[in-house]
Amino acid sequence: MHVIDIEMVEMTLDVVKYAINRITQTNPELGKPKTEAELRSLVGETVTNRGIGGERAFELFRDVLVKATVPIDHPRHLAFVPAAPTRAAILFDLVTSASSIHGAYWMEGAGGIFCENEAMAWLVSLTGMPAPAFGVFTSGGTAANLSALVAARETWRKDPRNKNVKGLMITSVGAHSSIKAMAKVIDVDLLLVDTEDEMTESALQATINALGPERARVFAVVATGGTTNAGIIDDLSGVARVCERENLWFHVDAAYGGGALAAKSVRHLFQGIERADSVTIDPHKWLFSPYDCGAVIYKNPELAKEAHAQEGSYLEIFKDEGAHGFNPSDYQIQLTRRLRGLPLWYSLATHGTEKYEWAVEEGIKLAQTAGKLITAHPLLELVRPPSLSCVLYRRKGWTPEDYRNWTYANHEAGFALVAPTKWKTANGTETVSRFCFINPDTTEEDIIAVLKSME
């Protein structure tokens, strides 16, 4: 398997040729899923005793399997939170894998970790968090949130009164699902402020005041810097004031919205994020990195290190005098890690931060353009004003089934992927349509075409 022969050379050429062809496409085929039975009938058995050969395996992927996937960088992929990694970042993802660097400790990965830290320093500067704030790249927002919340809980447990107490943290109904899931993982209770809109200082304070004796169990508050559903930013300054008064860890989940910190037009909406104890940002969302690349930033990294640094006789060499440096594994939940931040570093070094600001501003402009087109359309109306790059809107008279059928029809035709969502109203929840703009290759004409398909 490790012999370098002509077959391996030919396989390398096939892979590189495919990669070049793929990254030069701005409008790739919008694939769609097939059932496992359908895929099995098309490709047969792929893992066998003697192997099917690299050429055959690659043909099956290129001609069948990749067409059963949806490219996240399609300009009319406007569902969920899509992504649009730069060509430079994609290319360097290949380099990152080919370089085979273990990114846990400085001793093994010094050069690569140095590059990651250059990119991280830029992320920290976007938040405005003061020194010694710093962070580490993770596999995504879930791992970043988990790492931050473990650090928060362990800091709280330094108080002997909290040693055997089950913690309680507070967030809003509109918070990302990973916050609720991670509460289960770290075995703490979760209290939700009942709003899918902005979590305000007064609502949070009222929630805390109503707790009574349970107040002693609260150790953290999680605010959102751009909800996934609607791009809503909580009252970060107000939440910061509450956390400072109540001596609570203040975490900001800005996995999606954090990219907007690069845009001067909306930076003021995040006022207060610089006062957070920890912040999550996903470069693989709105900072144009390939999957998977999240980041967690700490106001006081030493608290994270106390919570996460692992001990073991086989790890002692990494603390040798000649290996001194930043060890990413000390600041998050993973010991083994690839250098996920390298593609971001290369893309930043290649293009410069001004280009990043331009690209993020494009997503914001697209959302504002969509809002104007929807307002002017007789059959459509906005659910709420566009926020960041998210737009919620309704097609007058449509049922949930109408939205679902419309989504399936557009996807089946290879035209677009725009999915419905639900929005909380006074009478319950309403099914509506949603745009999320990330890709600067998306055009006004794309938006017009999607809206026309609802007529």
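Above: the structure in question.
What counts, and at which threshold
- Residues numbered from 1 in each chain as written.
- Predicted model: local features only at pLDDT ≥ 70, side-chain atom pairs only at ≥ 80, totals over all residues.
- Heavy atoms only, no water.
- Pairing = 2+ DSSP bridges.
- Helix = DSSP H or I, 4+ residues; strand = E, 2+ residues; numbered from the N terminus.
- Axes fitted to C-alpha atoms, helices over the stretch in contact; angles between N-to-C directions.
- Parallel < 35°, antiparallel > 145°, perpendicular 65-115°, else oblique.
- Left-handed = near helix turned anticlockwise from the far one by under 90°.
- Contact = heavy atoms within 4.5 Å.
- Nonpolar A, V, L, I, M, F, W, Y, C, P; charged D, E, K, R; others polar.
- Buried < 20%, exposed > 50% of the residue type's maximum accessible area, 1.4 Å probe, protein only.
- Polar contact = N/O pair within 3.5 Å; in protein donor to acceptor, adjacent residues only side chain to side chain.

Novice: Could you give an account of the sheet that holds strand β9 (residues 390-395), with specific residues and numbers?
Specialist: Reading across from one edge, β8-β9-β11-β10 is the order of the four strands in this open sheet, with antiparallel pairing throughout. The open sheet has two edge strands, β8 (380-382) and β10 (420-425), and neither has a second partner. Sheet twist, expressed as the average angle between the axes of neighbouring strands with direction ignored, equals 45 degrees. As paired strands, β9 and strand β11 (residues 428-436) are joined by four bridges and run antiparallel to one another. Bridge assignment links L392 to a residue of β11, and that residue is R434.

Novice: Talk me through the packing of helix α2 (residues 36-43) against helix α3 (residues 54-65); I want residue IDs and the actual numbers.
Specialist: At a minimum axis separation of 11 Å, α2 and α3 run at an interaxial angle of 135 degrees. As the angle between them shows, α2 and α3 are arranged oblique. Judged by the sense of rotation from one axis to the other, the crossing of α2 with α3 is right-handed. Note on element contacts: α3 touches α2 through L60, V64 and L65, opposite L39, L42 and V43. Counted by class, the contact of α2 with α3 contains six nonpolar, no polar and no charged residues.

Novice: So, the side chain of T431: which residues are in play, and what are the values?
Specialist: Inspection of the secondary structure puts T431 in strand β11. A relative accessible area of 13% places T431 in the buried class. Among the polar contacts listed, one links the side chain of T431 to the side chain of K422, at a separation of 3.2 Å. Among all residues touching T431, those that are not within four sequence positions of it are P400, Y403, P420, T421 and K422.

Novice: How would you summarise the environment of S347 if you had to cite specific residues and measurements?
Specialist: Considering the arrangement of structural elements, one finds S347 in helix α12 (residues 342-351). The exposure class assigned to S347 is buried, which follows from its relative accessible area of 0%. Excluding residues within four positions of it along the chain, S347 makes contact with T86, A88, A89, G352 and Y356.

Novice: Describe the pairing of strand β6 (residues 278-281), and please don't skip the residues or the numbers.
Specialist: Side chains S278 and T280 of β6 all project onto a buried face; the interleaved residues V279 and I281 project onto the opposite face, where all are buried too. Relative to β6, strand β5 (residues 249-253) is paired through three bridges, and the arrangement is parallel. Each residue of the ladder has a partner; that of H251, found in β6, is S278. Across four bridges, the pairing between β6 and strand β7 (residues 294-298) is antiparallel. Along β7, the bridge assignment pairs T280 with V296.

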